[in-house]
Structures are given as C-alpha cells and as structure tokens.
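# Structure assessment
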Amino acid sequence: MNLKSTRKKRNPKVGFVSLGCPKALVDSERILTRLRAEGYTVAPDYDSADLVVVNTCGFIDSAIDESLDAIGEALEHNGKVVVTGCLGANPQRILERHPKVLKVTGPHAYEDVLDAVHEHLPPKHDPFVDLVPPQGVRLTPRHYAYLKISEGCNNT
C-alpha cells in the first residue's frame, strides 16, 4: 500500500495553536468544532498534522512576537499554515516575516478559516451532501420525469 492510498483513506489532520485571550480560545473552539463535524481530526503535534492553523494575538508587542514566533515554528515543522486571529487584521506584518503562509484571516473570520482549510486540505467528505447523490433521491425509474401540474407551468 503506497502513501497516496493511505492518505486518501484516513481523515485529514489539522494542527491548532491558540494564542491570546479567552475570546481567541472561544474562536479556536468554534473553528475546531466545525472541523471535527466535517470529519477532520485534530493532530497533537506539527509533524502528524496535514495543515496547521495558528490563532494569533495582536494587541501587545510581546504577544505579537509570540504569535510571529509560533507561525514560524509551525512553518518550520509543518510547512502548511493558515493564520487567523487579531494579528491577522494586519496581514502585511505577518507576510513580511512569513511570506509562505497559505492564508491570513482576521479575528472572527470563521468561514474564511474553514474555506482556507478546505482549499489546502480538502475534507474527506461533506457529511451533509455526500450521502445524497447530486440528482437527489429518486423514487421513479430513470426514464420517468414527473411534472407537478398543481404548481403550474411557466411555459406559454
């Protein structure tokens, strides 16, 4: 069994670093909850993660330095990093020091973080869509197409 077939069978793993205040921790919990619901596994360290999300702090200089160092460490050990949080409101500061980050989003940008994770580490499946075929559930044979006359017809 080669690495590609092994990777396809297991759930994608996301590492997570949460820095800063309790509000950032709540944001991290919200993002991780969504990722877990979508089938992602939370990795315990950089090396076992397929991608790392760093939730940063950007209010005081020491916290900014800690955030920039954490981003650098994640890049060094993993290489695939998405940055979010308060420091993300100032993306040029992050990109000047770490131009290889995959995406920078600001605070409370949950959907942007999830979009970045989906783009760079596609989910194994979408639990809300993949169980239903694209054409929907059909109870009629393939060669039938019913029209509900009670809803009317917009063709004159």
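Notes on the structure follow. (Residues numbered from 1 in each chain as written. Predicted model: local features only at pLDDT ≥ 70, side-chain atom pairs only at ≥ 80, totals over all residues. Heavy atoms only, no water.)

As judged from the 2 bridges shared by strand E1 (residues 13–18) and strand E2 (residues 41–42), these two strands associate in the parallel manner. Each bridged residue has a counterpart across the sheet, and for Val 14 the counterpart in E2 is Val 42. With respect to chirality, the unit in which E1 leads through helix H2 (residues 22–37) into the neighbouring parallel E2 is right-handed. Note: E1 against strand E3 (residues 51–56), 5 bridges, orientation parallel. Along E3, the bridge assignment pairs Ser 18 with Asn 55. (Pairing = 2+ DSSP bridges. Helix = DSSP H or I, 4+ residues; strand = E, 2+ residues; numbered from the N terminus. Right-handed = clockwise from strand over helix to strand, strands pointing away.)

Attention now moves to the sheet that holds E3. One open sheet accounts for 5 strands, arranged E2-E1-E3-E4-E5; its pairing is parallel. Looking along the sheet, the strands with just one partner apiece sit at the ends: E2 and strand E5 (103–104). Pairing analysis gives 2 bridges linking strand E4 (residues 81–85) to E5, with the strands arranged parallel. Bridged to Val 82 within E5 is Lys 103. Its contacts with the sheet put H2 on E1, E2, E3 and E4, and the angle it makes with E1 is roughly 175°. Docked against the sheet, helix H5 (residues 110–120) engages E1, E3, E4 and E5, running at close to 160° with respect to E3. (Contact = heavy atoms within 4.5 Å. Axes fitted to C-alpha atoms, helices over the stretch in contact; angles between N-to-C directions.)

This next bit is on the environment of Glu 38. Mapped onto the elements of the fold, Glu 38 is located in the loop between H2 and E2. For the pair formed by Glu 38 and Lys 124, sequence separation is 86 residues and the distance between their alpha carbons is 8.3 Å. Of the polar contacts made by the side chain of Glu 38, one reaches the side chain of His 118; its length is 2.5 Å. (Polar contact = N/O pair within 3.5 Å; in protein donor to acceptor, adjacent residues only side chain to side chain.)

Structurally, the position occupied by Val 113 is in helix H5. Measuring from C-alpha to C-alpha, the distance between Val 113 and Asn 55 comes to 9.9 Å, with 58 residues separating the pair along the chain. Apart from residues lying up to four places away in sequence, Val 113 is in contact with Ile 31, Val 53, Thr 84 and Thr 105.

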